[in-house]
Structures are given as structure tokens and as C-alpha cells.
Amino acid sequence: MIELNQVVKQYGTLVVLNSVSLSVSPGEWVSIMGPSGSGKTTLLNLIAGLDTPTSGQIWVKDTEVSAIGHEARARFRRETIGIVFQQFHLIPYLTAVENVMLAQYLHSLPDRDEAMAALKLVGLDERANHLASRLSGGEQQRVAIARAIINDPPLLLADEPTGNLDAENEQIVLDIFRRLHDEGKTIVIVTHNAEVTELGDRTIRIHHGKTSEVGVVTEKV
Amino acid sequence: MIGFLFRTAIKSAFIQKYRFVSLAVTIAVASALLITLATLYLNAESQLALGLSGIPNMVLEPQKSVVATSRLTTDDVAALKSRKHFWRNNILNAAPVAFAEGQFDGKPVKVAGTWFDKQVSVDGESYNLGLLRFKGWEQKGGPIGGPVDRNAVVIGANVAAGDSVRLTVNGTQRVFPVARTLKTGSYWDDYVFLDLDNFRELTGKDALDQVLVGALIKPKDKLATRAELYGTEGFTEAEFQAWYCSPYASAIAYTIKETVPPAEVKVLRRVTEVQEGIIQASSGVFMALFVLTLITAVTAIFAGEKMYASAKMRELGIMAAIGASRQRLFLQLVTEVGLASLVAAAVAYLLSWGLVRSVSLSVFTIGFQANGILIAASALTPFLVSLVALLFLRKGLNKNVVEVLR
Amino acid sequence: MLFRVVSASIRHRLGLYVPMLITIIISLALLGAAEIVGVSFKGIVNREMEKYGANVILIPEKGEVVNEGVPVQVRNTRLGDAEVNLAMANTGALLAMNPGWLVKGEGDVLVGSSVAAQLGLTRDSPIEIDGIQGKVAILESGTEFDAFVIVNGEAAQPSMVLLKTADPAQYKGKNAIILEEITRAKYGFLESIRRLMLYVALISALSAIAVIINLARIDAGERQKEFGILGALGALPSTIARFILAEFLLLSGFSAVLGLVFSMALSWALVALTAKAWPALSFGAVWYVFGTALASFVLASSIYIMEFRRHSIVEEIRGE
């Protein structure tokens, strides 16, 4: 599903990712761990096509994300991936269901029933008509997940999805990810949280821009 | 405390330099708009009135009665600008005229003796008066105020002549070069004008037949209309003073009569009525436009400041969260907006200085100077508006901190 | 969906948009009013020019019949011991043609002010001239007629015909005196007014644009974040541009319509109350108001779009 080959990302003289290579199989759950500033989010942004590498290749499904232009990357994001951010990044003045429908609109056509179904899946159908800015952190993250999965992407990328949540909401969100994984979604999660890594198939550690324990498979709990 | 306040305000301005610059630019543009247009409006009425008063609107003639006809002299013309004439400053121009019949190319022609452009000293002041100083008349052959040969003639537009005129007056024939052609749009287009001294030499006629006067007048109101219809006899002392001390055409004619008793003062009503009507209409419009400009400028400043403060709500929320009082937040905003106003006032001053000059030159062909009081007022306006804008924002500051930070 | 997102965005930004819209609408109103007032002024000046009265004095050739204007027959006669100029004309038509003339008194015989002063005649005193009896009304016209006594009657053999015409030039070459002394002053005046109004309009447009740029800068942080989110969800730059344009078109349409309505109201108030004339909506005003509104908001959207293109999505999403 994902192939990274000698990927380097540099901001000026600062090397954030230094010759990273990795591979993720379809249906796999990979957790990326590392201290702050190690390059985890940059790696996720590169896979998502939000940013481009300084050198190296990135393949996702059949697309060489590192070689395509702006518009093609936008199309790739619409069709192939769903992204969940630590800061949720919902449009604050749209309701929960409208935030989900917005992703549909950008993909094809908005369908309220489908959007409601996605919200039901994350247990938020009763809060569908509340403004995003009025929802709690946990609720906002669930809306963000509903938005990420509404177009049924094969790959789900999440950047610290539980980083801003309390224990209860963290469990709810992780349950949703677990279900999605069970349904066959490929999931890449950047996290600090050991509990999250335990849910994954394997964990990649990243330190000073280098992936060190690539291929280490953790025991599933 | 105050030092820290300024430090944070300056730091905030530097960090959010684009926002700060945008606010300062809005305030500067709005203030410059106010200074420029207000200066223009304040001067427009008098400038347009001056533009309309470039032609004679009164004529002095010797007073006739059954027994005798009085005599007008050039001293009477000078007297119009003398200190004994109350409305001397509103007399823009005056020209003596004496008539004669002449012949040109074997045909009769109307001849008039006058001053072309004569420097006259009255009460220690020097004025240029004469036919060619009526700025509303079109001159060909030289600019208004340019040198004119006194031994030449000025011909009306309907007089078909080349570079010179062979003129016969009183049996004497002389050739005069043509200095200017004058298009007045009235009777004068049929005349050949001689310098008064040359005219006297040719005709031997000393007395004047007319004095043309261009006066700057004020549109009449009810009081002036009463004076025109019924005279001032029925006026109370206060009414008379109010009428006398306003430059109505009738009041100026009255003071001219006081100054030059042998004259009958005729107000050229076809001219003054039009002048009054246009000045009246335009002055009202200018006043209204001034008020509108003031509203526009104040709203623009208000909007800029409100937008700036709205965008800072989150930052203020954070300050409130760490214990800042409402007064402290208010003070913070006032300092920042005040700082922007200060920068803007300086920019507005420079901007309006150039704008006022160039715009007034373009509109009235005269470079106005922005009024000092107006500049001071415009510089103060942003500060005052800032305070009002921020008072409105107090409501926002009263909001729950959590609400703001959400 | 586009409309839903755009309207929600506008609602969300009311705190920013309301003061901005008020300023823009007032600026547009001033701009439109300047144009309408500028155009109306010509009408006002022309109306005032009517007071100028007769602008052609035609001296008919012998036997020439003139079927227009007010014919006046002049002759000398005696009034008491004095010799006076008597003019016979339709006095009603004469006064209607010359609204600037001042008539003092209710009498039916118009005695020019010079004659009245010379002979000591006062208003409403009885008069008999050439067998015609009547009461004196003093005429102050500021013209040669001040030296006449004018009685109402038919001018069978007119010595002159007074005309008021929009095209006095047609009488050039005829035996006519053409009076247009204030015409040049009028054109100079109108030109000054036109320029003044142009500057009012230009400076108001500048003020509108300054406010909009202010908005674009102030709101840039939050906007960028939104654009970043849309970009992360796979929106093309063109889709984002569509969102921005739709929002600003809506705002510009709203401001333009209200600006035009206020322009009309303002110019009506300005012209009707101060100059007692009725302004008509000029095509220029519609054009300027809509043009400026559109141009200002397109400028604002361009700033947003350029900002969006300048940053990467990662920066956008952080709101940098």
C-alpha cells in the first residue's frame, strides 16, 4: 500500500527526514512513534501528499505521490486517503454533518443520509446539527474520523488522534480505529501513546529523522 | 507598568505587522480622505463663486434726473476699492467705460474708451482693474494679466479685423494694432475698445458713461428679497445690520451708492440671478457632501479598528485566562490602536498635504493649503474613533474567557 | 453545498463583515451619490440658467414676420413734461420669459427703474400714458428696459423680438444681439464640479479598497487554516478559489445593491433638499458602484488566493 524509498525532507539546512525507507502492506496498522521534532508528522504529511520530499520516492497504492503535481496530489488525497489530525481541524462554522458533507462535496456529491450514517458509526448522529465549534474535543475528533472515512478511502492517516483527548474519549476513538482496521482499512498512526501502538501490527520508531526499528513487530494485545 | 504596556503593544504591532500596517493604512487613508475632501468643500463654494463672478454683474451709470445728469469719473472707479467702501473686498474688478461712435472700413462701429489692465493705487494698496481683468470673458492674443500695449485696441469678437484697425473717431483717423480679441457673449462683442487716455485724446470726452463692476455676491435669502422688493425702510436696526453686513447683490449695490453718490447702480439681474441660483444650489450640496465624507471616514476608521480588535479576541482571551483584568485588556487595545493612529496621523498628514494640493490644482487650478485646524482635527479623529470603537468592544471583552478561547 | 459553506462562512465572520460592509456600503453610496450629483448638477445649472431670460434680441427686417418669442414695439412718447421710451408688448409673456426681472407693485404699467427714479414715480401710483390708464409697477431688470415704460398690448410692428433659445448660434449673421455671457462661466463651473465629484468618487473607492484589504489581512490567519483543511481534504486550488469568489461575489452583490440604494437615497436627499431638484439614477452611477464593489472584492479574493498559493498546505493548516 505504501512504499517509501530513500526519502529525504529538508527545510533549509535542517534535515527533518534522512533517507527514510519503509513499506506498509494493505490492511496493515502501522504506528509511528518518536519524540517531539523527530519528523513523525512530516513523514505523515509526505505520505498524505500534503508536502513533497526533497528527494526519494513515495508510492501509495499505485500512485507515486512524490512525482505528481499539485492538482494530482489533491485528487489523490480525495480518493485514496482519509486524514485525522490532532487538532481535529474541522471548519468551526459548519455543523458536524456539514463538515462530513464537505468532504463528500469535494470528492463527488454531498449526501446527507450517508453523512449521517458515518456520524452514527462514530456515535455522533445525535449531535449532527451542532456547530463544530460547540462540540467537545472528543466529539470533534469523532466528526473528523467520520469525515476521513466518508469517501471510503483505503488508507487512513492519523496524526496523534488521541493527543488532545481524555481517557474516555481516547477509548472511543481507538475503538473506532480498531473497527475500521477490522474492516480492512490500512491505518498509519503517528502517536506518543504506547496504548495506541499496542493496537497496531507494528511500530516504526523515528529519531532525528531516521527510522530506526523499522520492521519491528509488536505483540498484539 | 506603562513601559511594559508599550513594550507589549509595540511587540504585538511588530509580530502582527501586516494587521497593524493594514489598520494604520485604513486610518491614514480615511483621515487623508477627510482632510482632502473637507478642504476642497470648504473652499469649493468660494472658488466656484469666483469662477462665476468673472463677468460684470453691476453697472454704474450717471444718475439722471429731470433737471440734471451727474458725472462719473475714474476716481469713482478707484473709490470702489477704497476703505470708505464697506464691500471693497468683494469688488473683484471694475472698468470705466465711455462711449463714442466711430468708423472702421467705412462702416460705423461702436467705440468705447476703458482701462485694459490698469494698476491702480488705493489707500496704499495696489490693484489691477480693467476690461481684460474680467476672467469670465474669453481673450485671444494673450493671457489674463499679461502685458497689453496701451496704444493698441481690444476688439470684440464680432468685429472683423486683422492685426490692425484703421479707426476714424471724431474725424480723426488712426491705425491701431489689435492687442486682444474679447469674446464676452454680450453687447461688448460689437465694440472696439481704446485705452481711456487715447479715447479722450481722440474724442475730447472726459466723463464716463458707465462703470462695469464684477462683485462677489451671496445668494439672497428672505431678508435680501424683502430689501429688493420693498427697500430697507421697513427694516429694524438689527435687520438692517444683518442685511448690510452680508454681501447680497442689493447690499453691495447699496454700499456702492453710498461710496459713489452720483452713480445709479444697476444690478444686472440676468447675471446675478443665475450666479445666486448656482451658488445656492452648490453650497448646500457641498455641505451635505462634507457631512457624508465625515461619516465615511469615521466609519472606515471605526471598521478598521473593530476588525483589528475582533481579530485579537483570542489573544485577549489568553491574557484574560492568565489573570488580566478587563481594564488591562482595554488598555492594551487602546495602546495598540492608539499606536496605529499615531503612525496613521503622520502618514495622513503627508498624504493629504500632497493630495489637497494636487486635487485642488486639478479641480480649481489653484493649489489650496490644507487648513491647520482641519489637519489637527483629522489627526485627532482616529484617536477619538478608537475610543468609541473600543467602547463598543467592551461587550466583547465581557465575554466569558472560555467562549473567546474556544 | 457551496452556498451552504459560503453562507455559514459569512455568518461566522459577521463580526468582521458587518463593520466592513457598513463602510463599503457608505463608501459606495458616497461614490454613487457623487456621480449622480455630478450629473444632476448639469440639470440644476441649466435650471438656474433659465433665470438668465431672453438670450437673443432679434431686430426684424422691414416686413419680416417672426413667429416666435415676445415681440416688442418701441416708440417715443410723452409722460407729463418728459419724453419717455414706450414699449408695447405682452407683459405677461415678457415677465415669464425673464424670471430674473424684479417687479415691484401690483400695477399693470411697468415703469423701468431709471424712468421711475428720473420722474419720481412710485409703485402703485396711477399713471396715464398715450391714453392708457393704469397703475405703476416698477421694473428692475438690469437691462435697457429699465429706461422704458412697458404697457401690455399687441406689438403690431415689432421693433425687436425677445427670444429664449437653446441654440442662440442659429441667429448669428442675422440682425440679432446674442447674449450668452454666463455660458463660459457655466461650462467652467460644470467642469470643476465634474472633477470634484470624480475625486470624491475616487477617494471613496480608495477608502473602500483600503477597508477590504484590511479585512483580507486581518482574517488571513484563520482563512489560511480553513484553506489548509480544504486542501488536506483534497480540494483543488480552483475549488478553493471558487469558495472565495462565491463568498466575495455574494458580499459584493449585497454591498453594490445596498450601495446603489443608498446612493439614490443620498443623492435624492442631497439634491432635493439643498438644490430643490430631482436627481435621476444615472447609468454611470450603477456602473461605478457595481464596478467598484466587484473590483474591491475581487481584489480581496485575489489576496486570499495569492496567499493560499504562496503557502504549502502544511503551513496553511497551521495558520502560518
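Anything mentioned here points back to the structure above.
Quick summary incoming for the structure in this document. The structure presented is a predicted model; accordingly, all values stated were derived computationally and were not measured.

**Observations concerning the overall build of chain B**
For chain B, the count of helices and strands is 12 helices and 12 strands. In chain B, which comprises 406 residues, the proportion classed as buried is 54%. Considering only intrachain contacts with a sequence separation of at least 6, the fraction spanning at least 24 residues in chain B is 77%. For chain B, the exposed surface amounts to about 17600 Å²; the carbon and sulfur share of it is 59%.

**Details of the environment of E64 of chain A**
Residues and elements named next belong to chain A. Looking at where E64 falls in the secondary structure, it is placed in strand β5 (residues 63-64). A residue is classified by how much of its surface remains accessible, and E64, at 23% relative accessible area, is partly exposed. Considered as a pair, E64 and A167 are 103 residues apart in the sequence and their alpha carbons are 38 Å apart. Ignoring any residue separated from it by four or fewer positions in sequence, one finds E64 in contact with Q57, I58 and W59.

**Considering the packing of helix α5 (residues 222-230) of chain B against helix α6 (residues 237-244) of chain B**
A packed helix pair is summarised by two numbers, namely the angle formed by the two axes and the spacing between the axes. All names here are of chain B. In contact at an axis separation of 10 Å, α5 and α6 are set at 100° when each is read in the N-to-C sense. By the angle between their directions, the pair α5 and α6 is classed as roughly perpendicular. In this structure, α5 contributes L223, A224, R226 and A227 to the contact, and α6 contributes E239, A242 and W243. Across the contact of α5 with α6, the residue classes tally to 5 nonpolar, no polar and 2 charged.

**Examining the packing of aromatic side chains**
For any two aromatic rings, the description comes down to two numbers: the centre-to-centre distance and the angle of the planes. Residues and elements named next belong to chain B. Counted under the stated rule, the structure contains 19 aromatic pairs over all chains. Residues Y191 and F193 carry aromatic rings whose centres are separated by 6.0 Å and whose planes lie at 25° to one another, so their mutual orientation is stacked. The pair formed by Y191 and F193 is uniform in burial state, with each residue classed as buried. With a centroid separation of 5.8 Å and 75° between ring planes, the pair formed by F240 and Y254 is classed as edge-to-face. One end of the pair, F240, is in helix α6; the other, Y254, is in helix α7 (residues 249-259), with 14 residues separating them in the sequence. Here F240 falls in the buried class, since its relative accessible area comes to 17%. Aromatic rings pair up to connect F86, W87, F235, F240, W243, Y244 and Y254 into one cluster.

**Details of helix α5 (residues 137-149) of chain A**
Residues and elements named next belong to chain A. Relative to the 18 Å expected for 13 residues at 1.5 Å per residue, α5 spans 19 Å between its end C-alpha atoms, a close match to the ideal helical length. Counting buried positions along α5 yields 12 of 13 residues, so the element is predominantly enclosed. If you check which residues of α5 are buried, you get G138, E139, Q140, Q141, R142, V143, A144, I145, A146, R147, A148 and I149.

**A word on the pattern of salt bridges**
All names here are of chain B. Applying the stated criterion to the full structure yields 27 salt bridges over all chains. Between D209 and K205 there is a salt bridge, with the nearest N and O atoms lying 2.6 Å from each other. What makes D209 partly exposed here is its relative accessible area of 23%. Owing to a relative accessible area of 27%, K205 belongs among the partly exposed residues under this scheme. Note that E273 is salt-bridged to R269, the shortest N-O span being 3.0 Å. Within this pair, E273 and its partner R269 are both found in helix α8 (residues 269-311), separated by 4 residues, close to a single helical turn. Residue classification places E273 among the buried residues on the basis of a relative accessible area of 8%.

**Focus: the interface of chain B and chain C**
The figure often quoted for interface size is the accessible area lost as the parts come together. The partner chain C presents 63 residues to the 67 residues of chain B that form the contact. In this assembly, chain B packs against chain C so that about 5900 Å² is buried in total across both faces, 70% of it on carbon and sulfur atoms. A per-residue breakdown of the area chain B buries against chain C is headed by R269, R270 and M307 of chain B, which together make up 12% of the total. Counting across the interface, chain B meets chain C through 8 residue pairs in polar contact (both at pLDDT 80 or more). The residue makeup of the side of chain B that touches chain C, split by class, is 36 nonpolar, 20 polar and 11 charged.

**Here's the deal with the nonpolar core**
Of all hydrophobic cores here, the largest spans 178 residues; its most connected members are L119 and F177 of chain A together with M20 of chain C. In terms of residue count, the dominant contributor to this core is helix α2 (residues 14-49) of chain C (16 residues). With residues up to four places along the chain from it excluded, the contact list for M20 of chain C reads A303 and M307 of chain B together with V211, I212, L215, L251 and F297 of chain C.

**Here's the deal with the environment of D206 of chain B**
All names here are of chain B. Tracing the backbone through its elements, the reader meets D206 in the loop between α4 (196-203) and β11 (210-215). According to the relative accessible area criterion, D206 is partly exposed, its value standing at 41%. When the C-alpha atoms of D206 and Y349 are compared, they prove to be 58 Å apart, with 143 residues separating the residues in sequence. With residues up to four places along the chain from it excluded, the contact list for D206 reads R71 and R200. Within the structure, D206 has its side chain in polar contact with the side chain of R71 (distance 3.0 Å).

**As for the interface of chain C and chain A**
With 26 residues of chain C at the interface, the matching set in chain A holds 24 residues. Around 2400 Å² of area is buried between chain C and chain A when both sides are counted, 71% of it from carbon and sulfur atoms. Our count for the chain C to chain A interface comes out at 3 residue pairs in polar contact (both at pLDDT 80 or more). Put simply, the parts of the chain that give the side of chain C that touches chain A at least two residues each are α1 (2-12), α6 (220-232), α7 (237-275) and α9 (313-318) of chain C. For the side of chain C that touches chain A, the element with the highest residue contribution is α6 of chain C, accounting for 7 residues. A class-by-class count of the residues in the side of chain C that touches chain A yields 15 nonpolar, 5 polar and 6 charged.

**Regarding the pairing of strand β9 (residues 172-183) of chain B**
Residue and element names in this part refer to chain B. Where strand β6 (residues 138-140) meets β9, 3 bridges bridge the pair, whose relative direction is antiparallel. Bridging from a neighbouring strand, E138 pairs with K183 of β9. Bridging between strand β7 (residues 153-156) and β9 involves 4 bridges; their strand directions are parallel. Paired with G156 across the two strands is L182, which belongs to β9. With 6 bridges connecting them, strand β8 (residues 164-169) and β9 associate as antiparallel partners. Residue pairing for β9: L167 is matched across the bridge by R174. The hairpin turn running from β8 into β9, its antiparallel successor, is 2 residues long, and N170 in that turn takes a positive phi close to 55°.

Cut-offs and rules
- Residues numbered from 1 in each chain as written.
- Chains lettered and ligands numbered in written order.
- Predicted model: local features only at pLDDT ≥ 70, side-chain atom pairs only at ≥ 80, totals over all residues.
- Heavy atoms only, no water.
- Helix = DSSP H or I, 4+ residues; strand = E, 2+ residues; numbered from the N terminus.
- Buried < 20%, exposed > 50% of the residue type's maximum accessible area, 1.4 Å probe, protein only.
- Contact = heavy atoms within 4.5 Å.
- Areas by Shrake-Rupley, 256 points an atom, 1.4 Å probe, with all protein chains shown as cover.
- Axes fitted to C-alpha atoms, helices over the stretch in contact; angles between N-to-C directions.
- Parallel < 35°, antiparallel > 145°, perpendicular 65-115°, else oblique.
- Nonpolar A, V, L, I, M, F, W, Y, C, P; charged D, E, K, R; others polar.
- Phe/Tyr/Trp six-rings, centres within 6.5 Å; stacked < 30°, edge-to-face > 60°.
- Expected span 1.5 Å × (residues − 1).
- Salt bridge = Lys/Arg side-chain N within 4 Å of Asp/Glu carboxyl O.
- Buried area = accessible area lost by both parts, 1.4 Å probe.
- Polar contact = N/O pair within 3.5 Å; in protein donor to acceptor, adjacent residues only side chain to side chain.
- Core = buried A, V, L, I, M, F, W, Y, C linked by side-chain atoms within 4.5 Å.
- Pairing = 2+ DSSP bridges.

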